[in-house]
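# Observations on the three-dimensional arrangement
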Amino acid sequence: MMAAGITDAPVVTIDGPSGSGKGRVSQHLAQAYGLHLLDSGALYRLVGLVARRSKINLAATTKHESVLSNLAADFNITFQLTEDPEEPLVVTLDNQDVTRELRSDAAGVDASRVARLAGVRDSLLDLQHSFRRAPGLVADGRDMGTVVFPDAEVKIFLTASAEARAERRYKQLKDKGIDVSLHDLFLSIKARDDQDTERDVSPLMPAEDAVLIDATNADIDEVLEQIKAIVTKKLGDSLVPTP
Ligand code: C5P
């Protein structure tokens, strides 16, 4: 018999392209309902980071597929949800806080390069499944509803135009005092979209049974309320919102 609360805990998947607001929505949902959170993008960012530290040439990832896959299978990492809205998730690698390093645009580009490799994706599967524990999980990524948790109870695909996503990211970075070019951000978002949607393994796409939400003209708090209503309707009594 399956151990209760280990593999049968409910899962809410939030997939979508970068900058769609899914990270923020996922963190809010996890906190609001007291659920575990899987930021799967952070795992790919970690593989990219370890690869860079090991001086692996990320422009030629296919040559290093088995090394990168072994790296991914052998992580010593922790994820910690915090109350700090500026830093809601703290990630450590070998007991060192790497949260800021992981959030850079360069780390996103590196992640996207290693994420094309089937070996790396396979190596991360068990780790991702291990996040599914009682009372439930919010899983944020690109293939959460299609590949990693195809039996998830609630699947959301959150998107927005590349222009709107670039502007949102631009505002966030400006507010943090980081000087960036809106045009460069737009180009980087477009390049990552193309790479993520056109790859052969686990490309970015909505699951057939996902609810599609376009946040181009919506405020992210409104989107969050909309998703909370869907989650509450589907999972009902199995979730208890925390005050
Ligand atoms: O979501 P985030 O921007 O942190 O993801 C970084 C990169 O990791 C994405 O551009 C994508 O290439 C990859 N990724 C993925 N599958 C996931 C999550 C992220 O391929 N489930």
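Please read these numbers as outputs of a predicted model, since none were measured by experiment.

Let us now look at the site of the ligand. Neighbouring residues of the ligand: 16 residues in total, closest Arg45, Arg121, Asp143, Arg192 and Asp196. Within the side chain of Lys22, a nitrogen or oxygen atom sits 3.3 Å from an oxygen atom of the ligand. One of the side-chain N or O atoms of Asp143 is found 2.9 Å from a nitrogen atom in the ligand. Within the complex, 96% of the 450 Å² of free accessible area of the ligand lies under protein. Counting residues per element, the ones that place at least two in the shell around the ligand are helix H2 (40–53), helix H5 (105–114) and helix H10 (182–198). Considering each element in turn, the shell around the ligand owes the most residues, 4 residues, to H2. Of the residues assigned to the shell around the ligand, the class counts are 4 nonpolar, 4 polar and 8 charged.

Right, let's get into the confidence of the model for the chain. This prediction gives the chain a mean pLDDT of 89; 95% of its residues lie at or above 70. This stretch, residues 1–6, has a pLDDT under 50; its non-local contacts, to residues over four places away or in other chains, come to 8 contacts.

Strand pairing within a sheet occurs via backbone hydrogen bonds; the two strands may be parallel or antiparallel. Within the open sheet, the 3 strands sit side by side as S3-S4-S5. Their pairing is antiparallel. Lying at the two open borders of the sheet, with one neighbouring strand each, are strand S3 (77–81) and strand S5 (96–97). Bridge count for S3 against strand S4 (residues 89–93) is 5 bridges, and the pairing is antiparallel. Bridging from a neighbouring strand, Gln80 pairs with Val90 of S4. With respect to the sheet, H2 is in contact with S3, S4 and S5, its orientation differing from that of S4 by roughly 35 degrees.

Rules used in this analysis
Residues numbered from 1 in each chain as written. Predicted model: local features only at pLDDT ≥ 70, side-chain atom pairs only at ≥ 80, totals over all residues. Heavy atoms only, no water. Near = heavy atom within 4 Å. Polar contact = N/O pair within 3.5 Å; in protein donor to acceptor, adjacent residues only side chain to side chain. Areas by Shrake-Rupley, 256 points an atom, 1.4 Å probe, with all protein chains shown as cover. Helix = DSSP H or I, 4+ residues; strand = E, 2+ residues; numbered from the N terminus. Nonpolar A, V, L, I, M, F, W, Y, C, P; charged D, E, K, R; others polar. pLDDT = per-residue confidence, 0-100. Contact = heavy atoms within 4.5 Å. Pairing = 2+ DSSP bridges. Axes fitted to C-alpha atoms, helices over the stretch in contact; angles between N-to-C directions.

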